[in-house]
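The residues making up each chain are set out below.
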Amino acid sequence: MPRHFLHLLLLAFTACALTACGFQLRGAGGTMVPDEWKSLHLVTDNPNGELAREVRTTFSASGVVWEEDWEDANYSMVLGSERFSQRNLSISADARAAEFELTMATQFSVRDADGKESMPPTIASVIQQMENDPRNVVGKAEELRMIKSEMRVELAHQMLRRIGFFAASTAP
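None of the values given here were measured: they were computed from a predicted structure.

Calculation criteria
Residues numbered from 1 in each chain as written. Predicted model: local features only at pLDDT ≥ 70, side-chain atom pairs only at ≥ 80, totals over all residues. Heavy atoms only, no water. Salt bridge = Lys/Arg side-chain N within 4 Å of Asp/Glu carboxyl O. Helix = DSSP H or I, 4+ residues; strand = E, 2+ residues; numbered from the N terminus. Buried < 20%, exposed > 50% of the residue type's maximum accessible area, 1.4 Å probe, protein only.

Asks: What exactly am I supposed to notice about the pattern of salt bridges here?
Replies: When the charged atoms of two side chains with opposite charge come close together, those side chains can pair. Summed over the entire model, instances satisfying the criterion amount to five salt bridges. Measuring nitrogen to oxygen at the nearest pair gives 2.8 Å for the salt bridge that ties arginine 152 to glutamate 82. Placement of arginine 152 in helix α3 (residues 137-170) and of glutamate 82 in the loop between β3 (75-79) and β4 (83-91) is noted, with a sequence separation of 70 residues between them. Among the residues examined, glutamate 82 registers a relative accessible area of 28% and is labelled partly exposed. Of the charged contacts in the structure, one is a salt bridge between arginine 87 and glutamate 101, with a shortest N-O distance of 2.7 Å. Of this pair, arginine 87 sits in strand β4 while glutamate 101 sits in strand β5 (residues 97-112), and the two are 14 residues apart along the sequence. On the accessibility criterion, arginine 87 (46% relative accessible area) is partly exposed. A relative accessible area of 17% places glutamate 101 in the buried class. Sharing partners across several salt bridges, the network here consists of Glu50, Glu82 and Arg152.

Structural data, given as structure tokens:
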């Protein structure tokens, strides 16, 4: 009996400590976007691109409604093109790239219903590292594809957080 009580006490303490430190699972609760900012229209050169799809999905999960017509939306998000770069971080003994630095960035801004700039152009970027194995080219190509996808998700979350913080800081 005392051992069972000790386990429950330890579990309760751990739960309280995690909540007190602000720990939150990714995607749980999330960034709060003020209600006025939840009606958006997406302006992009590539509306069917992977980044645009990820932005729509991430924002929709936070309660944003995407309007087809910019006249129906309170704000328009102007999304620039995705820029991806890869550079060598280290070289192996046989003079091949042993490690890469991957960078993905995009520029975005927000305009109000009248077309005036509400949030100035901002650059969101994500940097990751990847080890290279020249003997496993196919495996590394698939890993690179997965990392790029993860980087797009992180870019979309970064844009959502920035817009949420900006909207909250400018609210009356």
